[in-house]
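Here is what each chain is made of, one letter per residue.
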Amino acid sequence: MDMQKIGSFLAELRKEKNLTQDELGAQIGVTNKTISRWETGNYLPPVEMLQTLGDNFGVSINEILNGERISDGNYKDISEQNIKSALTKSDSVIAKHRKIMNWVIAVVVAALYITISLITLKWQYTWIIWAVYCVYRTVESIIIYCLNVHVKSK
């Protein structure tokens, strides 16, 4: 999904109805800043707003996500592309959140272990494992990031 294209399409639809961003926002229950963010492509409307926008402008959600009106002949193919794109994006968001949660858990456990060891003055060697694990995850994340940037730049 091309957020810029979607935003331009939403702006075009709004202008076809001779509405200002304030007027559209009032109709659907959001601020003019929210409408502006959608139209500039900085944010996508949430799922519940896609239906509202579609009903308001007389277009389908698929047309909004495609960023243009869809002819009947292309509707099925474009629908499939939009679904694949949405699923791919949601998979990447889920993977990102899993990585963040792994980090949070590792750091919290390591901090708790070190704090308890400092308070009780009973050091165990296992805290070193947590430190090594955190360093490993950092290096791993940097390498994956660098590989992804390298692949995307080609």
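Quantities reported herein were computed from a predicted structural model and do not represent experimental measurements.

Chemist: Report on the side chain of R14, specifying residues and quantitative values.
Modeler: The topology assignment puts R14 in helix α1 (residues 3–16). Classification of R14 by relative accessible area gives buried; the value is 8%. Those residues within four positions of R14 in sequence are excluded, and the remaining contacts are L19, T20, Q21, L24, I35, E39 and F57.

Chemist: Report on the pattern of salt bridges, specifying residues and quantitative values.
Modeler: The full count for this structure, using the stated rule, is 4 salt bridges. Here E68 and K5 are joined by a salt bridge, their closest N and O atoms 3.6 Å apart. With E68 in the loop between α5 (61–66) and α6 (75–120) and K5 in helix α1, this pair connects stretches of sequence that are 63 residues apart. Take E68: its relative accessible area is 35%, and that puts it in the partly exposed class. With relative accessibility at 33%, the residue K5 sits in the partly exposed group. In this structure, R14 engages E39 in a salt bridge whose closest nitrogen and oxygen atoms are separated by 2.5 Å. A residue pair is termed long-range when its members are at least 10 positions apart, and R14 in helix α1 and E39 in helix α3 (residues 32–39) qualify at 25 residues. Of the residues examined, E39 reaches a relative accessible area of 12% and is grouped as buried.

Chemist: Give a description of helix α4 (residues 47–57) that names residues and reports values.
Modeler: For α4, the set of buried residues is M49, L50, L53, G54, N56 and F57. Seen along its axis, α4 keeps its buried residues to an arc of 165°; they face one direction. In α4, those exposed residues whose orientation departs by more than 90 degrees from the buried face are V47, E48 and D55.

Chemist: Run through the packing of helix α2 (residues 21–28) against α3, naming residues and quoting values.
Modeler: Running from N to C, α2 and α3 cross one another at 110°; their axes reach a closest spacing of 8 Å. Taken together, the axis directions place α2 and α3 in an arrangement best described as roughly perpendicular. Contacts between α2 and α3 involve Q21, D22, L24, G25 and I28 on the former and, on the latter, N32, I35, S36, W38 and E39.

Chemist: How would you summarise a nonpolar patch on the surface if you had to cite specific residues and measurements?
Modeler: On the surface, a cluster of nonpolar side chains totalling about 630 Å² of accessible area is made up of I100, M101, V104, I105, V108, L112 and I116. Tracing the chain through its elements places I105 in helix α6.

Chemist: Lay out the nonpolar core in plain terms, naming residues and giving numbers.
Modeler: Membership of the largest hydrophobic core comes to 16 residues, with the highest contact counts inside it found for L10, L24, I28, W38, L53, F57 and I64. Looking at this core, the elements with two or more residues in it are α1, α2, α3, α4 and α5. Those residues in contact with I28 that sit more than four places away from it in its chain are I35, W38, M49, T52, L53 and N56.

Chemist: Can you lay out the packing of α2 against α4 for me, pointing to particular residues and giving the numbers?
Modeler: Between α2 and α4, the shortest axis-to-axis distance is 11 Å and the interhelical angle comes to 115°. Taken as a pair, α2 and α4 cross one another with a handedness that is right-handed. Residue-level inspection shows L24, Q27 and I28 of α2 in contact with α4, the latter providing M49, T52, L53, N56 and F57.

Chemist: Run through α2, naming residues and quoting values.
Modeler: Those residues of α2 not exposed but buried are L24, G25 and I28. Mapping the buried residues of α2 onto a view down its axis gives an arc of 100°, with all of them on the same face. Looking one or two places after α2, you find G29, whose phi comes out positive at around 85°.

Calculation rules
- Residues numbered from 1 in each chain as written.
- Predicted model: local features only at pLDDT ≥ 70, side-chain atom pairs only at ≥ 80, totals over all residues.
- Heavy atoms only, no water.
- Helix = DSSP H or I, 4+ residues; strand = E, 2+ residues; numbered from the N terminus.
- Buried < 20%, exposed > 50% of the residue type's maximum accessible area, 1.4 Å probe, protein only.
- Contact = heavy atoms within 4.5 Å.
- Salt bridge = Lys/Arg side-chain N within 4 Å of Asp/Glu carboxyl O.
- Arc of directions from axis to C-beta.
- Axes fitted to C-alpha atoms, helices over the stretch in contact; angles between N-to-C directions.
- Parallel < 35°, antiparallel > 145°, perpendicular 65-115°, else oblique.
- Patch = residues over 30% accessible without salt bridge, like charges linked within 9 Å, V, L, I, M, F, W, Y side chains within 5 Å.
- Areas by Shrake-Rupley, 256 points an atom, 1.4 Å probe, with all protein chains shown as cover.
- Core = buried A, V, L, I, M, F, W, Y, C linked by side-chain atoms within 4.5 Å.
- Left-handed = near helix turned anticlockwise from the far one by under 90°.

As far as function goes, none of this settles anything; it's purely spatial.
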